[in-house]
Amino acid sequence: MTVPFKSERIHHVAYRCKDAKATVDWYERVMGFTYTNAFAEDYVPSTGAYDPYMHIFLDCGGGNVLAFFELPNQPEMGRDEQTPAWVQHLAFKVADFDMLKAAKTHIEAQGVDVLGPTYHGIFRSIYFFDPNGHRLELACDIGTEVQYAELQSVAAAMLDEWDRTKKAPKHADWLHIEPGGE
């Protein structure tokens with residue numbers, strides 16, 4: 001099947017927030033993002049429904065935009081209790097491991113609990129939550145061209161095996177063995 005279009009990048013990703021101003025302040029202070037603009041309406045343009053909202057936009061770098069909606073007339077926001085908290089997250093790339101360690105130090109100095117760095121074979125990550133309960137990840141790539149090629153070469157077989165068995169395929173177990181940590 002040929003698709004008649006090609007996306008260029010993600011325009012923005014939108015999530016709900018508890019407080020638009022506090023969210024902007026946190027992302028500027030903790031993540032260094034730039035608040036760029038906001039939309040505020042009483043009626044939802046796509047549905048026409050009355051539901052006042054503030055829609056804020058933050059530049060995360062590299063042409064990426066993170067957006068939030070504050071919805072004061074909706075029930076208090078929660079999370080999908082059927083999905084573990086570690087599953088749904090936003091991951092942002094940093095340049096290298098030194099920057100990842102510096103980010104951890106900075107974020108912890110802002111009073112935020114940080115997990116990691118965690119070794120993932122081709123990248124290392126730290127994890128933490130924003131004030132709205134959204135899990136965030138900062139990651140730095142550490143993989144080699146050979147490792148990426150190996151992962152690409154086994155990707156189809158891994159997906160097929162998972163589809164048949166619903167058990168973790170072992171094609172890329174090396175990803176979870178930190179050098180010197182066997």
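Figured I'd write up the structure that's included with this text. Quantities reported herein were computed from a predicted structural model and do not represent experimental measurements. (Residues numbered from 1 in each chain as written. Predicted model: local features only at pLDDT ≥ 70, side-chain atom pairs only at ≥ 80, totals over all residues. Heavy atoms only, no water.)

### Some thoughts on the sheet that holds strand S8 (residues 135-141)
On the basis of which strands lie adjacent, the open sheet formed by four strands has the order S5-S8-S7-S6 and mixed pairing. Since the sheet does not close on itself, it has two edges, and those belong to strand S5 (89-93) and strand S6 (115-119), each with one partner. Recorded for the sheet is a direction-independent mean angle of 25° between the axes of neighbouring strands. Inspection of the sheet shows strand S7 (residues 123-129) paired to S8 by seven bridges, in the antiparallel sense. The residue of S8 that forms the bridge with serine 125 is alanine 139. (Pairing = 2+ DSSP bridges. Helix = DSSP H or I, 4+ residues; strand = E, 2+ residues; numbered from the N terminus. Axes fitted to C-alpha atoms, helices over the stretch in contact; angles between N-to-C directions.)

### Things to note about the pattern of salt bridges
Enumeration over the complete set of coordinates arrives at seven salt bridges. Arginine 79 is the partner of glutamate 81 in a salt bridge, and the nearest nitrogen-oxygen pair spans 3.4 Å. A residue is classified by how much of its surface remains accessible, and glutamate 81, at 60% relative accessible area, is exposed. The exposure class assigned to arginine 79 is partly exposed, which follows from its relative accessible area of 40%. (Salt bridge = Lys/Arg side-chain N within 4 Å of Asp/Glu carboxyl O. Buried < 20%, exposed > 50% of the residue type's maximum accessible area, 1.4 Å probe, protein only.)

### Topic: unusual backbone geometry
The omega torsion of the bond from glycine 116 to proline 117 falls at 15°, within 30 degrees of zero and hence cis. Within the secondary structure layout, proline 117 lies in strand S6. Non-glycine residue lysine 166 carries a positive phi angle of around 55°.

### Side note on helix H2 (residues 97-109)
When the terminal C-alpha atoms of H2 are compared, their 18 Å separation across 13 residues agrees well with the 18 Å that a helix rising 1.5 Å per residue should span. Those residues of H2 hidden inside the fold are in contact with helix H1 (20-31), S6, S7 and S8. Measuring from the side-chain oxygen of the N-cap residue of H2 to the backbone nitrogen of aspartate 98 gives 3.3 Å; that N-cap residue is aspartate 96. Of the residues one or two after H2, glycine 111 is the one with positive phi, at around 85°. (Expected span 1.5 Å × (residues − 1). Contact = heavy atoms within 4.5 Å. Polar contact = N/O pair within 3.5 Å; in protein donor to acceptor, adjacent residues only side chain to side chain.)

### A look at helix H3 (residues 145-165)
Relative to the 30 Å expected for 21 residues at 1.5 Å per residue, H3 spans 30 Å between its end C-alpha atoms, a close match to the ideal helical length. Maximum bend of H3: about 45°, positioned at alanine 155. Listed as buried for H3 are Gln147, Leu151 and Val154. (Bend = angle between axes of the 7 residues up to and from the residue.)

### Quick notes on the nonpolar core
One finds Tyr27, Met31, Ile107, Phe128 and Leu138 to be the most contacted residues of the largest nonpolar core, which totals 25 residues. When residues of this core are assigned to their parent elements, the largest contribution, six residues, is made by H1. Apart from the residues within four sequence positions on either side, phenylalanine 128 is in contact with Trp26, Met31, Ile107, Val112, Asp113, Val114, His134, Arg135, Leu136 and Leu138. (Core = buried A, V, L, I, M, F, W, Y, C linked by side-chain atoms within 4.5 Å.)

### A look at the layout of surface pockets
In this structure, the largest pocket encloses a volume near 430 Å³. In this structure, the largest pocket is lined by 19 residues; those nearest its centre are Phe33, Cys60, Ala91, Phe92 and Lys93. Elements that contribute at least two residues to the lining of the largest pocket include exactly H1, strand S3 (50-61), strand S4 (64-70), S5 and H2. When residues in the lining of the largest pocket are grouped by element, the largest group, four residues, is from S5. Class assignment for the residues of the lining of the largest pocket results in 15 nonpolar, three polar and one charged. Roughly 300 Å³ of internal volume is contained in the second largest pocket. (1 Å grid on protein atoms, 1.4 Å probe; cavity = no way out; pocket = protein on both sides within 12 Å on 5 of 7 lines; lining within 4 Å. Points joined across faces, edges and corners; volume = space filled by probe spheres on them. Nonpolar A, V, L, I, M, F, W, Y, C, P; charged D, E, K, R; others polar.)

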